[in-house]
Amino acid sequence: MGSVYALIDANNFYVSCERVFDPRLHHKPTIILSNNDGCIIARSEEAKQIPGLKMGVPLFQVEHIIDACGVEILSSNYAVYGDMSQRLMWSLGAFTPALEVYSIDEAFLDLTGCLNNHRDDHYSRDDEETLDDLGRRIKRTVRQWTGLPVSIGFAPTKTLAKLANHLAKRRPELRGVLDLTQADGREEALAQTGVEKVWGIGRAYAKLLQDAGITTALELSRVDRRWARQRMTVVGARIVEELRGVSCLPIECCPPPKRSITCSRSFGMIVESVDELREAVRFYTARAAVKLRRGGLAAGGVTVFIQTNRFSREDEQYANAWTTELALPTDSTPELLGWTLEGLKRIFKTGFRYKKAGVMLHGLVPASPLTIRAWDDKAFQRSRRLMETIDKINGKFGRDTLRFGAVSNDESCGRWRTRFAHRSPRYTTRWSDLVQIAN
DNA sequence: TCTGGGGTCCTAGGACCC
DNA sequence: TCTGGGGTCCTAGGACCC
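Quick notes on the rules
- Residues take numbers from 1 onward in each chain, read along the sequence in its written order.
- Written order determines the labels here, with chains lettered from A and ligands numbered from 1.
- It should be noted that, the model being predicted, local features are given only for residues of pLDDT at least 70 and side-chain atom pairs only at 80 or more, the latter also being counted only at that level, while totals for whole chains, interfaces and linings use all residues.
- As a rule here, side-chain values come from all non-hydrogen atoms in the structure, and water together with hydrogens is ignored.
- Burial classification: accessible surface area is computed with a 1.4 Å probe over protein chains only, and a residue below 20% of its type maximum counts as buried, one above 50% as exposed, and the rest as partly exposed.
- Helix numbers and strand numbers start at the N terminus; a helix is a DSSP run of H or I with at least 4 residues, a strand a run of E with at least 2.
- Here, a strand pair is defined by DSSP locating no fewer than two bridges between the strands.
- In what follows, residue pairs with any heavy atoms lying within 4.5 Å of each other are defined as contacts.
- For Phe, Tyr and Trp, where Trp contributes only its six-membered ring, two rings pair if their centres lie within 6.5 Å, and the inter-plane angle classes them as stacked under 30 degrees, edge-to-face over 60, or tilted in between.
- Just to be clear on terms, a salt bridge is a Lys or Arg side-chain nitrogen sitting within 4 Å of an Asp or Glu carboxyl oxygen.
- When at least one non-hydrogen atom of a residue lies within 4 Å of a molecule or strand, that residue is treated as near it.
- Any pair of N or O atoms that falls within 3.5 Å is considered a polar contact. Within protein, one atom must be able to donate a hydrogen and the other to accept it, and sequence-neighbouring residues count only if both atoms are side-chain atoms.
- Residue type decides the class: Asp, Glu, Lys and Arg count as charged, Ala, Val, Leu, Ile, Met, Phe, Trp, Tyr, Cys and Pro as nonpolar, and the leftover types, Gly among them, as polar.

Asker: Please clarify how the pairing of strand β1 (residues 5-10) should be interpreted in this entry.
Answerer: Side-chain positions along a regular strand alternate between the two faces of the sheet. Of all six residues in β1, six are buried; the element is thus mostly enclosed. Side chains Tyr5, Leu7 and Asp9 of β1 all project onto a buried face; the interleaved residues Ala6, Ile8 and Ala10 project onto the opposite face, where all are buried too. Bridge analysis of β1 against strand β7 (residues 150-155) gives six bridges, and the strand direction is antiparallel. Looking across to β7, one finds that Tyr5 is bridged to Ala155. In terms of strand pairing, β1 meets strand β6 (residues 106-110) through five bridges, oriented antiparallel. Bridge pairing in β6 places Ile8 opposite Ala107.

Asker: Before we go on, may I ask you to explain the environment of Ile65 in this structure?
Answerer: Along the chain, Ile65 turns up in helix α3 (residues 63-69). Residue Ile65 is classed as buried on the basis of its relative accessible area of 14%. Sequence separation of Ile65 and Asp105 is 40 residues, and the distance between their C-alpha atoms is 28 Å. Sequence-distant contacts of Ile65, that is, excluding residues within four places in its chain, are made with Ile50, Pro51, Gly52 and Leu53.

Asker: Before we go on, may I ask you to explain the packing of aromatic side chains in this structure?
Answerer: The geometry of an aromatic ring pair is captured by the separation of the ring centres together with the interplanar angle, meaning the angle of the planes. Counted according to the given criterion, the structure contains 15 aromatic pairs. Seen from their ring centres, Tyr14 and Tyr78 are 5.8 Å apart, and the 90° between their planes marks the pair as edge-to-face. A residue pair is termed long-range when its members are at least 10 positions apart, and Tyr14 in helix α1 (residues 13-21) and Tyr78 in helix α4 (residues 78-93) qualify at 64 residues. The class for Tyr78 is partly exposed, based on a relative accessible area of 38%.

Asker: Looking at this model, I keep getting lost on the pattern of salt bridges. Mind explaining?
Answerer: When charged atoms on two side chains of opposite charge get close, those side chains can pair. Under the criterion given, the structure shown has 24 salt bridges. With a closest N to O distance of 3.0 Å, Arg136 and Asp132 form a salt bridge. Of the two residues, Arg136 and Asp132 both sit in helix α5 (residues 131-146), four residues apart, roughly one turn of that helix. In this structure, the salt-bridge partner of Glu342 is Lys345, at a minimum N-O distance of 3.8 Å. Here Lys345 and Glu342 lie together in helix α12 (residues 333-347), a separation of three residues that amounts to about one turn. Salt bridges here are not isolated pairs; linked through shared partners, they connect Asp22, Arg24, Lys28 and Glu72.

Asker: Honestly, the protein's contact with DNA strand C in this entry has me stumped. Any pointers?
Answerer: Around DNA strand C, 13 residues are found, and the nearest of them are Glu106, Lys162, Gly200, Gly202 and Tyr205. Near the protein, within 4 Å, the atoms of DNA strand C are sugar or phosphate in 100% of cases. Taking Gly200, its main chain carries an N or O atom lying 2.9 Å from a phosphate oxygen of DNA strand C. Contributing elements (two or more residues each) for the surface near DNA strand C: β5 (99-103) and α8 (203-211). The greatest single-element share of the surface near DNA strand C, amounting to three residues, is contributed by α8.

Asker: How do you make sense of the pairing of strand β12 (residues 354-362) when you look at a structure like this?
Answerer: Of the pairings in the sheet, the one linking strand β9 (residues 260-271) to β12 comprises eight bridges and is antiparallel in character. The residue of β12 that forms the bridge with Ser264 is Gly358. Taken together, the eight bridges between strand β10 (residues 297-308) and β12 define a ladder with antiparallel strand orientation. Considered in β12, the bridge of Gln307 is made with Lys356.

Asker: Teacher, can you tell me more about the protein's contact with DNA strand B here?
Answerer: The full set close to DNA strand B counts 25 residues, and Thr262, Ser264, Arg265, Ser266 and Lys355 are the nearest of them. Among the atoms of DNA strand B close to the protein, meaning within 4 Å, 73% are from sugar or phosphate groups. Separating a phosphate oxygen of DNA strand B from a backbone N or O atom of Thr262 is a distance of 2.5 Å. Listing elements by their share of the surface near DNA strand B, those giving two or more residues are α10 (225-243), β9 and β12. At seven residues, β9 tops the list of elements feeding residues into the surface near DNA strand B. Class assignment for the residues of the surface near DNA strand B results in eight nonpolar, eight polar and nine charged.

Take a look at the structure:
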């Protein structure tokens, strides 16, 4: 048998996480909202059946449907989703170390050779586990260990495994597992899959392909290599190869080092004063810096940006960004704050109604003290020890126990802060939010 | 009234070098 | 008529993913 990849992901991940802790939500149409409760970003199966409740739709446009159909709405609760994601990945790690965490709710597994362990021993053919058996065993295990329902696709390439997973979800008779490692059956599966569903084919390429008369994954797998290379770059050429069963994309067990870190948010309410904007930028800088240090990195460049509400027809629009390269990379919050606040001062213009701001760190390098700053830079080394201490305290007693800069006064009261009107408890990351069971 | 956030990769074209 | 050749680096923009 050749290479075997699996793509495993949770069904309706955010909704499933909520259901683990709130069984009342089972069988009810449920949707999860983006920051500020703005858009629909996840839906239960029941919600998907309701016309109009599409992904990415702003909540205010479908409020009448929500009311009429009794849809449960929840703000997103990333503390819970992040923690459940870890549990999911740990569970999958029990099956193979060759695991690539691809997103918050999905992972690729390299299972090549995992099934043939019994070839030379006393097991008879009938006792051998098939990939389908293995898939169901993984499903059962994950369900038992995390409470999450998952779907699984097996195939000789990652792109085909994605496709198999997609079909496993959409064909109820498969009960969540599809094995496309064998050539027979693959053609039919590809013929049944629209080209726009193929991993790596987005809106633009789907249009390009459809204009060329290519509407199914099977047809895409048969296009001329040079044509694909020319019209869709090497990315497209690889997709075609992968659909033919030629693996071009290996499992990446160790994620490559991050190249940039961003922290940005739309505001809960419109902000006009530079003071409030400064408060938001300070908050985003501190968050980005924590991510930076958690990754053991230092930033060699900083960008700060602000923008007005791009959807507003009445407001005059303004968006600007300021970037600087740092002479010496840093991972110190106060140093980064110095730059982002300086940038804000330069791009802020009075008289605009601001809706969003953000901070980006780039030029990331490992934060080994030897590489980022000389040992005799006493002030810097002291600031690093301070950061380390603050991170430790916040790790132990909760985010923002210690923080930089002024606290909001009653006047501004953090109008920029994200709204989560329907957020569930942080069941797994706050003692006070732990589920209690009466006896 | 109300519209998310955080990433990566690839290419073309310009600037610049010898 | 005809105006070198080859390389690197950077950036902006486009495409994609979840």
